[in-house]
Amino acid sequence: MSSRFAFHVQSRDNRRRDLPERVFIGRRETETTKHVLLKFLGFVLFHRDRLQIETELHDDNIPFTPDLVQLDYTLRPALWVECGEVAVAKLDKLAVKVPESEIWVVKRSPAEAESLLRDMARHGLRRNRYRVVAFDPEMFDEALDSLAARNEVFWVRGEFDPPRLQLDFNGLWFDSEFQVLDF
């Protein structure tokens with residue numbers, strides 16, 4: 001890992017279990033800070049028991065490392081989340097390799113999400129199998145500009161119905177809608 005980002009998290013989201021007080025996300029040499037922020041926002045938005053960041057699955061049938069994954073009690077993925085750039089071929093293989101899993105992709109903006117959905121349609125990926133979260137690009141870019149090696153986060157709410165998140169990120173308040181797209 002070339003660098004590590006720390007997030008000190010406080011939460012007042014009563015609809016969810018408590019978020020961990022500290023979240024650490026490593027950035028590999030080939031990853032951008034955009035990818036780090038997408039993983040963090042995905043982690044707090046999808047937070048649930050046993051949600052892990054970039055964990056090795058130790059399953060020869062699944063040759064991928066997910067950005068975020070929740071394993072069930074038999075250690076099979078129940079939730080698989082890819083953040084940022086993801087190959088359509090990988091998504092196609094995931095539908096077969098993790099058939100019981102919810103598969104999500106987290107994108108910076110609706111434009112990036114729509115581009116991915118067009119590519120998925122053009123390559124004939126299975127329908128009703130994938131969901132995509134698309135953040136407001138202005139909100140995301142402003143948060144990205146304030147991303148530091150150590151970050152302070154006060155998480156208020158993140159919900160899918162209606163899709164909205166509220167948080168203070170390094171002293172900046174965000175109350176933003178996001179889109180959820182089905183494929």
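Since this is a predicted model, take the numbers as computed values, not measurements. (Residues numbered from 1 in each chain as written. Predicted model: local features only at pLDDT ≥ 70, side-chain atom pairs only at ≥ 80, totals over all residues. Heavy atoms only, no water.)

Here the focus is helix H2 (residues 88-97). Since the α-helix packs 3.6 residues into each turn, any two residues three or four apart lie on the same face. Taken together, the buried positions of H2 are Val-88, Lys-90, Leu-91, Leu-94 and Ala-95. Here the buried residues of H2 occupy an arc of 155 degrees about the axis, which is enough to place them on one side. (Buried < 20%, exposed > 50% of the residue type's maximum accessible area, 1.4 Å probe, protein only. Helix = DSSP H or I, 4+ residues; strand = E, 2+ residues; numbered from the N terminus. Arc of directions from axis to C-beta.)

Within the secondary structure, Gln-166 is located in strand E9 (residues 163-169). Among the residues examined, Gln-166 registers a relative accessible area of 13% and is labelled buried. One polar contact links Gln-166 to Asp-175, side chain to side chain, over a distance of 3.1 Å. Look past the residues within four positions of Gln-166 in its chain and what remains in contact with it is Trp-155, Val-156, Arg-157, Trp-173, Phe-174 and Asp-175. (Polar contact = N/O pair within 3.5 Å; in protein donor to acceptor, adjacent residues only side chain to side chain. Contact = heavy atoms within 4.5 Å.)

Before going further, it helps to examine the packing of aromatic side chains. Each aromatic ring pair is characterised by the separation of its centres together with the angle its planes make. Tallied over the entire structure, the rule returns ten aromatic pairs. Their ring planes at 45 degrees and their centres at 6.4 Å tell us that Phe-40 and Phe-169 sit as a pair that is tilted. Of this pair, Phe-40 sits in helix H1 (residues 33-46) while Phe-169 is found in strand E9, placing the two residues 129 residues apart along the sequence. For Phe-40, a relative accessible area of 0% gives the class buried. Relative accessible area serves as the criterion here: at 1%, Phe-169 is assigned to the buried category. Put simply, the rings of Phe-46, Trp-104, Phe-135, Phe-140, Phe-160 and Phe-178 pair up and form one aromatic cluster. Directly above the ring of Phe-24 sits Arg-4, whose terminal nitrogen or CZ lies 4.3 Å from the centroid. (Phe/Tyr/Trp six-rings, centres within 6.5 Å; stacked < 30°, edge-to-face > 60°. Lys NZ or Arg CZ within 6 Å of the ring centre and 35° of its normal.)

Before going further, it helps to examine the sheet that holds strand E5 (residues 77-83). One open sheet holds the six strands; their spatial order is E3-E4-E5-E6-E7-E11, and the pairing between them is mixed. The strands lining the two open edges of the sheet, one partner per strand, are strand E3 (51-53) and strand E11 (179-182). Going from strand to strand, the sheet's axes swing by 20 degrees on average, the running direction of each strand aside. Strands in contact with H2 are E5, strand E6 (102-107) and strand E7 (130-134); relative to E6, the strand with the most contacts, it is inclined by about 160 degrees. (Pairing = 2+ DSSP bridges. Axes fitted to C-alpha atoms, helices over the stretch in contact; angles between N-to-C directions.)

Below, the discussion takes up the environment of Tyr-73. Position of Tyr-73 relative to the elements: it lies in the loop between strand E4 (68-71) and E5. Taking the C-alpha atoms as reference points, Tyr-73 and Phe-5, separated by 68 residues in sequence, lie 29 Å from one another.

This next bit is on the pattern of salt bridges. Taken as a whole and judged by the stated rule, the model has 15 salt bridges. Salt-bridge contacts for Lys-34 lead to Glu-112; the nearest nitrogen and oxygen are separated by 3.1 Å. With Lys-34 in helix H1 and Glu-112 in helix H3 (residues 110-122), this pair connects stretches of sequence that are 78 residues apart. Classification of Lys-34 by relative accessible area gives partly exposed; the value is 22%. Measuring nitrogen to oxygen at the nearest pair gives 2.8 Å for the salt bridge that ties Asp-141 to Arg-108. Note that Asp-141 is positioned in helix H4 (residues 137-146) and Arg-108 in the loop between E6 and H3, a separation of 33 residues in sequence. Accessibility expressed as a relative area gives 19% for Arg-108, which makes it buried. The network of salt bridges with shared partners includes Arg-28, Glu-31, Lys-39 and Glu-54. (Salt bridge = Lys/Arg side-chain N within 4 Å of Asp/Glu carboxyl O.)

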